Amino acid sequence: MEVSPYGLESLWAQGDFVTKGVAVLLVAMSIASWYVIVTKALQLMQYRRAGNAAGHEFWDATSLEQGTATLGTGNPFASIAEAGVTAMRHHEAHKGHLHDQLSVSDWVTLSLRQAIDETSAKLQTGMAVLASVGSTAPFVGLFGTVWGIYHALVAIGTSGQASIDKVAGPVGEALIMTALGLAVAIPATFGYNALVRGNKSTIAKMNKFGFDLHALFVTGARANDASTPSANGTKLTAVGGK
């Protein structure tokens, strides 16, 4: 099968080490960005399911242990619930030392906030890769294009022939680098924007869940909900209730 003189194979065969280096760099950037997009998308899907459980199944449970079990493991909502339970137990066990320094409300707030902040930081992992690829890939491709056109012009000047059949091939091959740069940058940019929206939604759900947990641990009832089941199976009173 005859190789096209205007395709990628011809570009690779005729390119020097700079052109090949740019092409390899763009391929590596594309692989890295797609890896981040796929893994973060799967992570957000898992967190979305856990967020739905935190908004419904957790509060329908008849005990705190049962509610925590509905959240599963390896997700931020389970970590937040565990942090709250641990904070309550720690405060009860060290009440004599902590009572005069921090109220149970302040202690639980600090523990829940730390758990939420840790998860928020984890959500941002990989986002810098997408931002960097989306902003630099077009310029990397443009550099490859400029370098390729330079060599094409040098070859044309050396041969002394500037007919269209002599110009079209080298220039077309150089422009392929610009297309590759855009092909790498566009998915990275769209993926970054989509993941940012997903992260913001997850963080908002974590903050809401943390607020409700704080109200449950401190007052014995979920915020603005007079029918939340308690840890012993009885009905909890609303916030401020007796």
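Residues numbered from 1 in each chain as written. Predicted model: local features only at pLDDT ≥ 70, side-chain atom pairs only at ≥ 80, totals over all residues. Heavy atoms only, no water.

1. Focus on the UniProt feature "transmembrane region" (unreviewed entry) in the protein chain
Next up, step 1: Feature annotation in UniProt places "transmembrane region" (unreviewed entry) on residues 17–38, 128–154 and 174–196, given in this structure's numbering.
Next up, step 2: Split by type, residues 128–154 is 100% helix and 0% strand. Its first and last C-alpha atoms lie 39 Å apart.
Next up, step 3: Note that residues 174–196 is 100% helix and 0% strand, and that its end C-alpha atoms are spaced 34 Å apart. (UniProt positions renumbered as here; feature names shortened; annotations may be inferred. Helix = DSSP H or I, 4+ residues; strand = E, 2+ residues; numbered from the N terminus.)

2. What to know about the environment of A54
Next up, step 1: Residue position: A54 is located in helix α2 (residues 17–55).
Next up, step 2: The class for A54 is buried, based on a relative accessible area of 3%. (Buried < 20%, exposed > 50% of the residue type's maximum accessible area, 1.4 Å probe, protein only.)

3. Comments concerning the environment of L175
Next up, step 1: Relative to the helices and strands, L175 resides in helix α9 (residues 164–219).
Next up, step 2: It is 8.0 Å that separates the C-alpha atoms of L175 and G148, two residues lying 27 residues apart in sequence.

4. A short note on the confidence of the model for the protein chain
Next up, step 1: Per-residue confidence for the protein chain averages 77 on the pLDDT scale, and 75% of its residues sit at or above 70.
Next up, step 2: Highest mean pLDDT in the protein chain belongs to α2 (88); lowest belongs to helix α6 (residues 95–98) (58).
Next up, step 3: Across residues 226–242, where pLDDT falls below 50, the model places 37 contacts with residues more than four positions away in sequence or in other chains. (pLDDT = per-residue confidence, 0-100. Contact = heavy atoms within 4.5 Å.)

5. Side note on the packing of aromatic side chains
Next up, step 1: What the rule picks out here adds up to two aromatic pairs.
Next up, step 2: Judged by centre distance (6.2 Å) and plane angle (70 degrees), the rings of W59 and F209 are edge-to-face. Residue W59 is found in helix α3 (residues 57–60), and its partner F209 is found in helix α9; the two are separated by 150 residues along the sequence.
Next up, step 3: Note on F77 and F209: the rings are 5.9 Å apart at their centroids and 65 degrees apart in plane angle, and the pair reads as edge-to-face. Linking F77 in helix α5 (residues 76–93) with F209 in helix α9, this pair joins segments that are 132 residues apart in sequence. Of the two residues, F77 and F209, neither departs from the other in class, the shared state being buried.
Next up, step 4: Connected via pairs of aromatic rings, a cluster forms that spans W59, F77 and F209. (Phe/Tyr/Trp six-rings, centres within 6.5 Å; stacked < 30°, edge-to-face > 60°.)

6. Focus on the nonpolar core
Next up, step 1: Judged by nonpolar contacts, the single largest core of 45 residues is most densely connected at L26, L71, I80, F209 and L213.
Next up, step 2: Secondary-structure elements contributing two or more residues to this core are α2, α3, α5, α7 (104–123), α8 (127–159) and α9.
Next up, step 3: Tallying contributions element by element places α2 first for this core, with 12 residues. (Core = buried A, V, L, I, M, F, W, Y, C linked by side-chain atoms within 4.5 Å.)

7. Focus on a nonpolar patch on the surface
Next up, step 1: A surface patch of nonpolar side chains, about 410 Å² in accessible area, is lined by W34, V38, L42 and M45.
Next up, step 2: Within the secondary structure, W34 sits in helix α2. (Patch = residues over 30% accessible without salt bridge, like charges linked within 9 Å, V, L, I, M, F, W, Y side chains within 5 Å. Areas by Shrake-Rupley, 256 points an atom, 1.4 Å probe, with all protein chains shown as cover. Salt bridge = Lys/Arg side-chain N within 4 Å of Asp/Glu carboxyl O.)

8. Re the pattern of salt bridges
Next up, step 1: Taken as a whole, this structure holds two salt bridges when the rule is applied.
Next up, step 2: Notably, a salt bridge pairs R113 with D117, separated by 3.5 Å at the nearest N-O pair. Taken together, the residues R113 and D117, both in helix α7 and four residues apart, mark about one turn of the helix.
Next up, step 3: On the basis of relative accessibility, which here comes to 39%, the residue R113 falls in the partly exposed class.
Next up, step 4: Residue D117 is classed as partly exposed on the basis of its relative accessible area, which comes to 40%.
Next up, step 5: In this structure, D212 and K208 form a salt bridge, with 2.6 Å as the shortest nitrogen-oxygen distance.

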